[in-house]
Amino acid sequence: MEALRGDWERQVDAAMDVSPFAIELSALSEDELDSLEEYLGAQPTLPFRYVSVHGPSKARRLPEEELVVRLARLGARADAVVMHPDTIEDPSAYRQLGHKLVLENMDARKAAGRTTDELEPLFAELPAAGFCFDIAHAWSIDPDMVVAGELLDTLGQRLRHLHVSSLSAESHHVPLSEEDEELFRPLLLRCLDVPWILEAPPRAD
Amino acid sequence: MSGSAEGALERLSEASGREFPNLLAARARTAEGLKERRAQPASSDHDDDASVVLMGSWGRSEVTSKSDDDFMVLIDGGEREDVRPSIEDVKTVLPHAPGEQGIFSAPVFCDDLVEKIGLDGDHNKNLSRRMLFLLESVPVSSEAVYLTARDRVLRGYLDESIKDFRPPRFLLNDTVRYWRTICVDFAGSRMRS
């Protein structure tokens, strides 16, 4: 996946190889925003029923208000705009994204946005925002999956889509392992009604 | 789903500061009754794709001394003649099984529950069985068959209607239809009697 960063056409092809249902185009670095805007601005014919765009969490330089204006432009061409809560300084600036804004729960390396207690105040300020449940991030906080269950209990009605993968020792997204698939199964079964985004290619088997 | 209901009762108790002794007693009675029934197989002759399933108060963990053993023999497949255990075999080990075949005390084929959602084939009996299976049921035998079949029914609602919002409207509409059917049938039954 890393090798495809910024190459939107190849990302679309790679996603199509897995499923024509859903895709997430990730401009994780602000440096990738221009090319993603250009790509979506050309109005490519995308076969997917659900298109999510991931906003930047790295190399951030733009003033937040300007970033949100650009995210809103991307949101006009997508079903969802995912943001990491720990990168949001002024929640009110994001209200203009309305229901397109989707907040993702964070992993153990981050200082905020990891648990229900940390996310609920943000959702209170952004009542139209949806929830992206990253099950591997929740696992990194609590391998017993209690935190993950609490996130679904509390934010399940806001759930818009899932991020599905395992995590490497360095906290990088890797293909879902058989062990994690078993561990995650009860929670994944609670999410059959929303799109799943695989954050790493499916296992070879 | 009964697991969620139990959690809800505990949350309600905690939030309201009130206890619910009758519901807790019914829950204990349900657990004890299930243990007894699971210890008595209906027949040594048990199809690999069959599961004896109790419904209603059993699925809600609300069994009282007046509760019936409303059951079905669920088959994870299509309709066929011979089903093991037979209804008669199951009745020998369920002391309060209803006598007449209706919604309960019958073989139920998962293919009907999954493939006949909506339209003419989805008559009241099929709808009621499907909804009771999803909302108020618990396996007495072959839990793996029960879970596989329930997953199939849920996927029957969800696979073609995955959306990025909740609740899933197709399933919600059918749940509402089930409750409406109960109310209308109850009123209709009273009018006729």
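Residues numbered from 1 in each chain as written. Chains lettered and ligands numbered in written order. Predicted model: local features only at pLDDT ≥ 70, side-chain atom pairs only at ≥ 80, totals over all residues. Heavy atoms only, no water.

## What about the sheet that holds strand β2 (residues 50-54) of chain A?
All names here are of chain A.
For step 1, the next point in the chain: What the seven strands build is an open sheet, ordered β1-β2-β3-β4-β5-β6-β9; its pairing is parallel. Looking at which strands have only one partner, the edges of the open sheet turn out to be β1 (22-26) and β9 (196-198). When strand polarity is set aside, the average angle formed by the axes of neighbouring strands in this sheet is 25°.
For step 2, the next point in the chain: By the bridge criterion, four bridges tie strand β5 (residues 130-134) to strand β6 (residues 159-164) in an arrangement that is parallel. Directly across from C132, in β6, lies its bridge partner H161. (Pairing = 2+ DSSP bridges. Helix = DSSP H or I, 4+ residues; strand = E, 2+ residues; numbered from the N terminus. Axes fitted to C-alpha atoms, helices over the stretch in contact; angles between N-to-C directions.)

## Examining the environment of W179 of chain B
All names here are of chain B.
For step 1, the next point in the chain: Relative to the helices and strands, W179 resides in helix α8 (residues 169-192).
For step 2, the next point in the chain: Take W179: its relative accessible area is 45%, and that puts it in the partly exposed class.
For step 3, the next point in the chain: Sequence separation between W179 and R150 is 29 residues; the distance between their C-alpha atoms is 20 Å. (Buried < 20%, exposed > 50% of the residue type's maximum accessible area, 1.4 Å probe, protein only.)

## Description of the packing of aromatic side chains
Residues and elements named next belong to chain A.
For step 1, the next point in the chain: All told, the structure shown has five aromatic pairs over all chains when counted by the stated rule.
For step 2, the next point in the chain: Ring geometry for F123 and F131: centres 6.4 Å apart, planes at 85°, overall edge-to-face. Taken as a pair, F123 and F131 share a single burial class, namely buried. (Phe/Tyr/Trp six-rings, centres within 6.5 Å; stacked < 30°, edge-to-face > 60°.)

## What about unusual backbone geometry?
All names here are of chain B.
For step 1, the next point in the chain: Here the residue pair R84 and P85 is connected by a cis peptide bond, since its omega of 5° sits within 30 degrees of zero.
For step 2, the next point in the chain: By the secondary structure assignment, P85 is in the loop between β2 (71-75) and α4 (87-93).
For step 3, the next point in the chain: The amide bond that connects R166 to the next residue, P167, takes the cis arrangement and shows omega of -5°.
For step 4, the next point in the chain: Counting through the fold element by element, P167 comes out in the loop between α7 (143-158) and α8.

## Remarks on the confidence of the model for chain B
Residues and elements named next belong to chain B.
For step 1, the next point in the chain: For chain B, per-residue confidence averages 92 on the pLDDT scale, and 96% of positions sit at 70 or higher.
For step 2, the next point in the chain: Here helix α1 (residues 2-16) is the element of chain B with the lowest mean pLDDT, 74, and strand β4 (residues 137-139) is the one with the highest, 98.
For step 3, the next point in the chain: Model confidence for the complex is summarised by a pTM of 0.79, with the ipTM given as 0.80. (pLDDT = per-residue confidence, 0-100.)

## Notes on the interface of chain B and chain A
For step 1, the next point in the chain: With 11 residues of chain B in contact, the opposing surface of chain A contributes 15 residues.
For step 2, the next point in the chain: Between chain B and chain A lies a buried interface of about 1,100 Å² when both sides are counted; carbon and sulfur atoms form 48% of it.
For step 3, the next point in the chain: Applying the counting criterion to the chain B and chain A interface returns two salt bridges.
For step 4, the next point in the chain: Between R166 of chain B and D193 of chain A there is a salt bridge; the shortest N-O distance is 2.9 Å.
For step 5, the next point in the chain: Seen at the junction of chain B and chain A, the total is five residue pairs in polar contact (both at pLDDT 80 or more).
For step 6, the next point in the chain: Along the lines of polarity and charge, the residues of the side of chain B that touches chain A split into five nonpolar, no polar and six charged. (Contact = heavy atoms within 4.5 Å. Buried area = accessible area lost by both parts, 1.4 Å probe. Salt bridge = Lys/Arg side-chain N within 4 Å of Asp/Glu carboxyl O. Polar contact = N/O pair within 3.5 Å; in protein donor to acceptor, adjacent residues only side chain to side chain. Nonpolar A, V, L, I, M, F, W, Y, C, P; charged D, E, K, R; others polar.)

## Quick look at the pairing of β1 of chain A
All names here are of chain A.
For step 1, the next point in the chain: Within β1, five of the five residues are buried, which leaves the element mostly enclosed by the surrounding structure.
For step 2, the next point in the chain: Alternating positions in β1 separate into two faces, A22, E24 and S26 on one and I23 and L25 on the other, with burial throughout.
For step 3, the next point in the chain: Pairing between β1 and β2: five bridges, direction parallel. Across the sheet, residue A22 finds its bridge partner in β2, namely Y50.
For step 4, the next point in the chain: Note that the unit made of β1, helix α2 (residues 33-41) and β2 has a crossover that is right-handed. (Right-handed = clockwise from strand over helix to strand, strands pointing away.)

## What about the pattern of salt bridges?
All names here are of chain A.
For step 1, the next point in the chain: Going through the model one piece at a time under the given rule, you end up with 32 salt bridges over all chains.
For step 2, the next point in the chain: The salt bridge partner of D7 is R10, with a shortest N-O separation of 3.8 Å.
For step 3, the next point in the chain: Among the ionic pairs, E37 bridges to R73, the shortest N-O distance being 3.2 Å. Remark: R73 occurs in helix α3 (residues 64-75) and E37 occurs in helix α2; sequence separation between them is 36 residues.
For step 4, the next point in the chain: One network of salt bridges, with partners in common, ties together D34, E37, R70 and R73.

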